[in-house]
Amino acid sequence: MTTIQRNYFNAIVLSSVDAETRSAVRKLVECASNAAKVDEHGSWDFGIDSNRKRSRWTALNWDLYAFGSDIHSGKLLIVIQIRRSSTERGRYVNVRKNYFLVGTNEDDSTFVHPVESAVVHAAIRKGKDVIRAVQDWIFGGDYAGMLRQGDLALIPMRRRPAKDSRIAKRTMTIEGSHELKASSIWHNGGLYAEDPTLTHTPGTHPVVAAQGIYKIVVGKRASFWQFAAPTVD
């Protein structure tokens, strides 16, 4: 069995990954770089662009920091760093980095979710599963026990939270694309629902339904430099 190796910056050395996984990772990065649903900043264009007359160059590269399978869907997930290096008239090199969780939706489209570099590197230092650490950070809890629909998750509650502010309607729209229906919906430092059903109106994700009390959580997105865009849900 091949031992996965990391370089000085904690990135995985691709040559230490088995050929099948390496091919799957590269294919996923390629799909992500051309994803149809990237936001207004455009797709990723890897490589180097130089202007000799003005003594300037810009390079966009990526490195792999983690790979694994989603605990619910079983699909491949990766964490990558996209790095932009640039210089002008021979001056110092300016380097900016984004970290993304990349995977495949139920309709086979690719999603790209920005995550915090500190979460990635802390998991590596502690020898933890980087993919799970990132997912736990996104949804603020144990991802294994959640029901997910895109950027939203349903977290089961052991106790019924107090109903500080009941919402009169039993239907509401979250993030402009997730329709929530439940026998009861209320706020108490968060959004809660009893017997919830989530429908993704664009249809990318299947309907999620559950019995009992759940907290509805919108996944956190890290800030990112605009040279490399995530996708929208």
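Everything below is about the structure printed above this text.
As the structure is a computational prediction, the values presented were derived from the model and not from experiment.

Novice: Hey, could you run me through the nonpolar core in this one?
Specialist: Here is a general trend for soluble globular proteins: nonpolar side chains tend to be buried in one another's company. With 26 residues, the main nonpolar core has Val-79, Leu-101, Val-115, Val-120, Val-130 and Val-134 as its most contacted residues. Counting residues per element, the ones that place at least two in this core are β2 (56-69), β3 (76-88), β4 (94-104), β5 (110-115), α2 (117-125), α3 (130-139) and β7 (152-156). The element contributing the most residues to this core is α3, with 7 residues. If sequence neighbours within four positions are ignored, Val-120 has contacts with Tyr-65, Val-79, Tyr-99, Val-115, Val-130 and Val-134.

Novice: When you look at the pattern of salt bridges in this model, what are you seeing that I'm missing?
Specialist: Pairing between side chains of opposite charge can happen when their charged atoms approach one another. Taken as a whole and judged by the stated rule, the model has 4 salt bridges. In this structure, Arg-132 engages Asp-142 in a salt bridge whose closest nitrogen and oxygen atoms are separated by 3.0 Å. Taken together, the positions of Arg-132 in helix α3 and Asp-142 in the loop between α3 and β6 (147-149) put the pair 10 residues apart, joining distant regions of the chain. With a relative accessible area of 24%, Arg-132 lands in the partly exposed category. The closest approach of N and O atoms between Asp-151 and Arg-221, which form a salt bridge, is 3.6 Å. Of the two residues, Asp-151 is situated in the loop between β6 and β7 and Arg-221 in the segment after β15 (213-218); the sequence distance between them amounts to 70 residues. Exposure remark for Arg-221: the relative accessible area of 37% places this residue in the partly exposed category.

Novice: What exactly am I supposed to notice about the environment of Ala-24 here?
Specialist: Assignment of secondary structure puts Ala-24 in helix α1 (residues 19-33). For Ala-24, a relative accessible area of 32% corresponds to the partly exposed category. Spatially, the C-alpha atoms of Ala-24 and Leu-76 are 8.2 Å apart, while their sequence positions differ by 52 residues.

Novice: Honestly, unusual backbone geometry in this entry has me stumped. Any pointers?
Specialist: What you tend to see is this: most non-glycine residues have negative phi, and most peptide bonds are trans. Within the chain, Asp-108 stands out as a residue other than glycine whose phi angle is a positive 75°. Summarising the element assignment, Asp-108 is placed in the loop between β4 and β5. For Asp-108, a relative accessible area of 59% corresponds to the exposed category. In this structure, Asp-195 takes a positive phi of about 55° despite not being glycine. Here Asp-195 is to be found in the loop between β12 (191-194) and β13 (197-200).

Novice: Is there a simple way to think about the sheet that holds strand β9 (residues 171-174) in this case?
Specialist: Two orientations exist for strands paired in a sheet by backbone hydrogen bonds: parallel and antiparallel. Pairing is antiparallel across the open sheet formed by 4 strands, whose spatial order is β9-β10-β13-β14. Since the sheet does not close on itself, it has two edges, and those belong to β9 and β14 (208-209), each with one partner. In the sheet, β9 pairs with strand β10 (residues 178-181) via 4 bridges, with the strands oriented antiparallel. Residue pairing in the sheet places Ile-174 in a bridge with His-178 of β10.

Definitions and limits used
Per chain, residues are indexed from 1 in the order of the written sequence. Where local features are concerned, this predicted model is filtered to residues with pLDDT of at least 70; where side-chain atom pairs are given and counted, the filter is 80 or more; whole-chain, interface and lining totals use all residues. Hydrogens are left out, water is left out, and the side-chain values use all remaining heavy atoms of the structure. The criterion is simple. A nonpolar core is a set of buried Ala, Val, Leu, Ile, Met, Phe, Trp, Tyr and Cys residues joined through side-chain atoms within 4.5 Å. Only protein chains enter the accessibility calculation, which uses a 1.4 Å probe; a residue whose area is less than 20% of its type maximum is buried, one above 50% is exposed, and one in between is partly exposed. Elements are defined by DSSP. Helices are runs of H or I of four residues or more, strands are runs of E of two residues or more, and each kind is numbered from the N terminus. Contacts are residue-level and defined by heavy atoms, with any inter-residue pair within 4.5 Å sufficient. In what follows, salt bridge is the name for a side-chain nitrogen of Lys or Arg lying within 4 Å of a carboxyl oxygen of Asp or Glu. Paired strands are those between which DSSP finds at least two bridges.

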